[in-house]
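Observations on chain architecture
Listed below are the residues making up each chain.
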Amino acid sequence: MNKIVSKEYLSPNVVKFEVEAPLIAKARKAGHFVIVRVGEKGERIPLTIADANTEKGTITLIVQKIGLSTSKLCELNEGDCITDLVGPLGKATHIDNFGTVVCACGGVGTAPMLPIAEAMKKAGNHVITVLAARTKELIILEEQMRKFSDEVIIMTDDGSYGNKGLVTDGVEMVIKRQKVDLCVTIGPAIMMKFVSELTKRYDIPTIASLNTIMVDGTGMCGACRISVGGKTKFVCVDGPEFDAHQVDFDEMLIRLNGYKDIEREQLHKISPNN
Amino acid sequence: MTNFNEERMQPWRVELRNSMKPKDRMEIARVKMPELDPEYRSHTMKEEVNLGLTPEMALMESKRCIDCANPTCVQGCPVAINIPKFIKNIERGEFLEAAKTLKETSVLPAVCGRVCPQEKQCEAQCIHLKTKNEAVAIGHLERFAADYERETGNISIPEIAAPLHKKVAAVGSGPAGLAFAGDMAKMGYEVVLFEALHEIGGVLRYGIPEFRLPNKIVDAEIRNLIAMGVHFVTNCIIGKTITIDDLLAEDYKGIFIGSGAGLPRFMNIKGENLVGIMSSNEYLTRVNLMDAANPESDTPVIKGKKVAVIGGGNTAMDAVRTARRLGAEKAMIVYRRTEQEMPARVEEIKHAKEEGIEFMTLRNPIEYYGDKNGRVTHMLLQVMELGEPDASGRRSPVEVKGKTELVEVDEVIVSVGVSPNPLIPQSVKGLEVTGRGTLVVNEETMQTSIPYIFAGGDIVRGGATVILAMGDGRKAAKGMNEWIRSFT
Ligand SMILES: Cc1cc2nc3c(=O)[nH]c(=O)nc-3n(C[C@H](O)[C@H](O)[C@H](O)COP(=O)(O)OP(=O)(O)OC[C@H]3O[C@@H](n4cnc5c(N)ncnc54)[C@H](O)[C@@H]3O)c2cc1C
Ligand SMILES: Cc1cc2nc3c(=O)[nH]c(=O)nc-3n(C[C@H](O)[C@H](O)[C@H](O)COP(=O)(O)OP(=O)(O)OC[C@H]3O[C@@H](n4cnc5c(N)ncnc54)[C@H](O)[C@@H]3O)c2cc1C
Ligand code: SF4
Ligand code: FES
């Protein structure tokens, strides 16, 4: 049982929680995630540790409502408890002074990007963040990102804020303008696929943080497996970050939809009109 | 230690033994375990298949044991339970005494009576087999005595020695960790058991289905340990949430690793990452740990109509029988050798067949095909035949060149073995590990290459059995206690 000490809406569907978890706060590094479960019949879902406060013994989670379990979590309030929370899981991000680092994130990929941008900045990199969303309301964490970035480029599909265009347009703009040593991308699989294809053309090393379906998060089930360079890898223990140019994104897209029909049905549990 | 012969010569035993001629004892037919009807049970998720012996049945079966002077069955039991003594206690109606006898050696008799491969262990050494008779149903009797004790509310909390004010840790709550924790608590240690998952029990909880091992039995064991003062910490991964060094800093005197062999193996064949193909660990974890078949549960599970399970072990049988219960019209076992070589318990194979599971032996998948959505639709099987016996004495399967079969499937569960959990071996410097990733221990004491770390169960043996894991946990408790006492 982990108590929620604060809750804040970052956008109508994105909630930021600060949760008591002193041991995890102490042990975590950028790139790590936790598995949470809400309720006795709850599902185990992975969430990135966006930030931690070792003095208060808390970790920050940023959750986007997309289905049953994320909705249940977002219904919890300050003072409520998360039934189960375990971590830190996965491998920490390889942080180094690479030079210029482009952080390309879309939608909820922004939350897991935050600690990485912070760590990259602290390691002495010139950090350029490309923040993308469909429309202005869906841009989250802009202010926090600005704190850890030398430059933030906003992209919206409809042009309602920042530049009009996709995340890839923003990244390409930077690449054409200056030398980029590393690109980190987190977001929907389809977005990461296109970012990866773009940077491959320019021969820029690229890391993608993969958000596959998980169950245990400890290497025990294989639900999270994907192909990297033709080899099967478990995202929860071998990742979640991989060389994007080696990842089979098409396979990942298919696997993400593996339980789609059942998930859609389950949403009726909370809102019968869905 | 108990002196088998002295006990055998106690007046009550002698009298009981002489009350019936061995020949008459041997003429009694072996008891048949009452079972749920196969048709009924293949549609019910959680009801246990075996219903247990009635006291009358147990009494009759106990008479079959002739109380041998040299009880070979005991040698067949990996932990050397005093089998004749517990069986003769059943015969004289002292069921609680029988349970107590079991507990002299085993801390999980209700579990082992259900899941031990008795036909390869104690029952394989029974004297009856020498006279072409069926072995005494030792497993059924063990289960009877342990269940009787639990169901009549007579579980005795073992005596706990005066507190030593010394802390020890156990990592992993499978049978190895539970057994270790129980024995250390008895000796007066303060025991904290850390478990990565949100529930206690290891494979007993997330792997073996309720139709074979009901949760309430594992729960009873855990309640017992709590009553004995064992402290459980769930959602805590040693090596991640806290490290072995953190434990040392908190003044733990010794650490027992019982982290199991939880890593699923895949075959690395084409199409294996299609949707609908998963490890038996994933499938069973969804259904057992996450209760995914229950409409109330938020965890989804694919309920295939044509399900193939690859493998021939207990895990494969559990998966295929689960698939049947979840509504598979066709539930198949695909195994590359023949039924004789299957590692699964004989009873599970029998039960599976009664439930209409198809056995496709001498077949090995070599490729999977999917539809445009990436869902598996077919598997390509290579037909095999048995070749020469290999080093282990098993005849190894070889391909019949050019002979393949295409079979329609909508779900495939891969159950071709597990590997040791690498987390601890990787995160602790200086821990000696074998090429297979198991931990190296002194077989007497279960001490690893790092003196304060002991280990047992599947992390030492690779995928083994509940009884061996339990036995290891007890040995390690003894070993650690002696080691701690050697310097304090
Ligand atoms: C390592 C890792 C870190 C993550 N970090 C965060 C985070 O910081 N914040 C956050 O909001 N989310 C994060 N996610 C994603 C989050 O785990 C999923 O959104 C969540 O599991 C969905 O559960 P649900 O029951 O709400 O939705 P479901 O009902 O399970 O799914 C609804 C729809 O979303 C799709 N979907 C399912 N799982 C995922 C997934 N993992 N990624 C993308 N789409 C999915 C399904 O195809 C389905 O159509 C992370 C995932 C991973 C693997
Ligand atoms: C489906 C299935 C059916 C089986 N059927 C039978 C049978 O019929 N008869 C039989 O005798 N055997 C059977 N077995 C095998 C038997 O269950 C195992 O040999 C036995 O459970 C091993 O016990 P263990 O204590 O070593 O580990 P496990 O039972 O595997 O428990 C290990 C525990 O450690 C936890 N853990 C791992 N790493 C960490 C960490 N770093 N920190 C904290 N916790 C950690 C895991 O989450 C797990 O709960 C079966 C196995 C399976 C999977
Ligand atoms: S524990 Fe297993 S091997 Fe030992 S007597 Fe019981 S059933 Fe037989
Ligand atoms: S989530 Fe189970 S192995 Fe990765």
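Small disclaimer: the values here were computed from a predicted structure and weren't measured. (Residues numbered from 1 in each chain as written. Chains lettered and ligands numbered in written order. Predicted model: local features only at pLDDT ≥ 70, side-chain atom pairs only at ≥ 80, totals over all residues. Heavy atoms only, no water.)

Regarding the site of ligand 3
The local shell around ligand 3 consists of Cys77, Pro78, Ile81, Ile83, Cys116, Gln118, Gln121, Cys122, Ile138, Glu142 and Ile467 of chain B. Classifying every residue of the shell around ligand 3 gives eight nonpolar, two polar and one charged. (Near = heavy atom within 4 Å. Nonpolar A, V, L, I, M, F, W, Y, C, P; charged D, E, K, R; others polar.)

Considerations on the site of ligand 2
Residue and element names in this part refer to chain B. Taken together, 35 residues sit near ligand 2, with Val115, Ala176, Glu195, Arg212 and Asp458 positioned nearest. A distance of 3.4 Å separates an oxygen atom of ligand 2 from a polar atom in the backbone of threonine 465. Taken together, the elements giving at least two residues each to the shell around ligand 2 come down to helix H11 (175-186), helix H16 (314-325) and helix H20 (466-487). For the shell around ligand 2, a count of residues per class yields 17 nonpolar, 13 polar and five charged. (Polar contact = N/O pair within 3.5 Å; in protein donor to acceptor, adjacent residues only side chain to side chain. Helix = DSSP H or I, 4+ residues; strand = E, 2+ residues; numbered from the N terminus.)

Looking at the sheet that holds strand E11 (residues 151-156) of chain A
All names here are of chain A. Taken together, seven strands build an open sheet; the order of strands is E12-E11-E10-E9-E13-E14-E17 and the sheet is mixed. Whereas interior strands pair on both sides, the edge strands pair on one side only; in this sheet they are strand E12 (163-164) and strand E17 (241-243). In the sheet, strand E10 (residues 126-133) pairs with E11 via six bridges, with the strands oriented parallel. Paired with leucine 131 across the two strands is isoleucine 154, which belongs to E11. (Pairing = 2+ DSSP bridges.)

Description of the packing of aromatic side chains
Counted under the stated rule, the structure contains eight aromatic pairs over all chains. Seen from their ring centres, phenylalanine 95 of chain B and tyrosine 148 of chain B are 5.0 Å apart, and the 80 degrees between their planes marks the pair as edge-to-face. With phenylalanine 95 of chain B in helix H8 (residues 95-105) and tyrosine 148 of chain B in helix H10 (residues 138-151), this pair connects stretches of sequence that are 53 residues apart. By relative accessible area, which is 10% here, phenylalanine 95 of chain B ends up buried. On the basis of relative accessibility, which here comes to 29%, the residue tyrosine 148 of chain B falls in the partly exposed class. Counting every residue linked through ring pairs, the aromatic cluster contains Phe95, Phe144 and Tyr148 of chain B. The aromatic ring of tyrosine 161 of chain A is capped on one face by lysine 136 of chain A, whose charged end is 5.3 Å from the ring centroid. For lysine 167 of chain B, the ring lying beneath its charged end belongs to tyrosine 252 of chain B, and the centroid distance is 4.5 Å. (Phe/Tyr/Trp six-rings, centres within 6.5 Å; stacked < 30°, edge-to-face > 60°. Buried < 20%, exposed > 50% of the residue type's maximum accessible area, 1.4 Å probe, protein only. Lys NZ or Arg CZ within 6 Å of the ring centre and 35° of its normal.)

Comments concerning helix H13 (residues 215-227) of chain B
Residues and elements named next belong to chain B. With 13 residues, H13 extends 18 Å between its outermost C-alpha atoms, agreeing within 8% with the 18 Å of an ideal straight helix rising 1.5 Å per residue. When we look at burial in H13, the residues that qualify are Asn215, Ile217, Val218, Ala220, Glu221, Ile222, Asn224 and Leu225. Summarising the contacts, the buried residues of H13 are in contact with H8, helix H9 (109-115), H10, H11, helix H12 (203-206) and strand E3 (231-233). At the C-terminal side of H13, glycine 229 shows a positive phi close to 100 degrees. (Expected span 1.5 Å × (residues − 1). Contact = heavy atoms within 4.5 Å.)

So, the nonpolar core
Counting 90 residues, the largest nonpolar core has Ile83, Phe86, Ile90, Phe180, Phe194, Ile238 and Ile257 of chain B as its most contacted members. With eight residues, the top contributor of residues to this core is H20 of chain B. (Core = buried A, V, L, I, M, F, W, Y, C linked by side-chain atoms within 4.5 Å.)

Quick word on the pairing of E11 of chain A
Within E11 of chain A, five of the six residues are buried, which leaves it mostly tucked inside the rest of the structure. Between the parallel pair E10 of chain A and E11 of chain A, the chain is carried across by helix H4 (residues 142-148) of chain A, and the sense of this crossover is right-handed. (Right-handed = clockwise from strand over helix to strand, strands pointing away.)

What about unusual backbone geometry?
Note: most residues except glycine have negative phi, and most peptide bonds are trans. Residues and elements named next belong to chain A. Backbone torsion omega between glycine 87 and proline 88 reads -5 degrees, so that peptide bond is classified as cis. Structurally, proline 88 can be placed in strand E8 (residues 84-89). Of note, the bond from glycine 239 into proline 240 is cis; its omega dihedral lies within 30 degrees of zero at 10 degrees. Within the fold, proline 240 resides in the loop between helix H7 (235-238) and E17.

Structural notes on the interface of chain B and chain A
Facing the 40 residues of chain B at the interface are 43 residues of chain A. When chain B packs against chain A, the two sides together hide about 3300 Å² of surface, and 53% of this comes from carbon and sulfur. Joining chain B to chain A, the criterion identifies two salt bridges. The salt bridge involving lysine 41 of chain A is made with aspartate 291 of chain B; its shortest N-O contact spans 3.0 Å. The element that contributes the greatest number of residues to the side of chain B that touches chain A is helix H15 (residues 280-289) of chain B, accounting for four residues. For the side of chain B that touches chain A, the per-class residue count stands at 18 nonpolar, 14 polar and eight charged. (Buried area = accessible area lost by both parts, 1.4 Å probe. Salt bridge = Lys/Arg side-chain N within 4 Å of Asp/Glu carboxyl O.)

Focus: the side chain of asparagine 215 of chain B
Residues and elements named next belong to chain B. Along the chain, asparagine 215 falls in helix H13. Since its relative accessible area comes to 19%, asparagine 215 is described here as buried. The residues contacting asparagine 215, other than those within four sequence positions of it, are Arg205 and Glu210.

Re the confidence of the model for chain B
A residue-level look at chain B finds 100% of positions with pLDDT of 70 or above and a mean pLDDT of 94. For this predicted complex, the interface confidence reaches an ipTM of 0.91, while the overall pTM sits at 0.94. (pLDDT = per-residue confidence, 0-100.)

Observations concerning the environment of asparagine 163 of chain A
Residues and elements named next belong to chain A. Structurally, asparagine 163 can be placed in strand E12. Between the C-alpha atom of asparagine 163 and that of alanine 132, which follows or precedes it by 31 residues, the distance is 9.4 Å. Apart from residues lying up to four places away in sequence, asparagine 163 is in contact with Ile153, Ile154, Met155 and Thr156.

What about the packing of helix H2 (residues 11-18) of chain B against helix H7 (residues 83-91) of chain B?
Residues and elements named next belong to chain B. At a minimum axis separation of 11 Å, H2 and H7 run at an interaxial angle of 70 degrees. Looking at the two axes, H2 sits roughly perpendicular to H7. Where H2 approaches H7, its residues Trp12, Arg13 and Leu16 are matched on the opposing element by Pro84, Lys85, Lys88, Asn89 and Glu91. Taken together, the residues of the contact of H2 with H7 break down into three nonpolar, one polar and four charged. (Axes fitted to C-alpha atoms, helices over the stretch in contact; angles between N-to-C directions. Parallel < 35°, antiparallel > 145°, perpendicular 65-115°, else oblique.)

Regarding the pattern of salt bridges
Where charged atoms from two side chains of opposite charge come close, those side chains can pair. For the structure on display, the rule yields 58 salt bridges over all chains. Taking the shortest distance from any N to any O, the salt bridge between arginine 37 of chain A and aspartate 84 of chain A comes out at 2.8 Å. You can see arginine 37 of chain A sitting in strand E3 (residues 33-37) and its partner aspartate 84 of chain A sitting in strand E8, a full 47 residues away along the chain. Each member of the pair, arginine 37 of chain A as well as aspartate 84 of chain A, carries the same accessibility label: buried. Three or more residues are tied together by salt bridges with common partners; here these are Glu35, Arg41, Arg212, Asp318, Arg321, Arg325, Arg345, Glu347, Glu348, Lys350, Glu354 and Glu355 of chain B.

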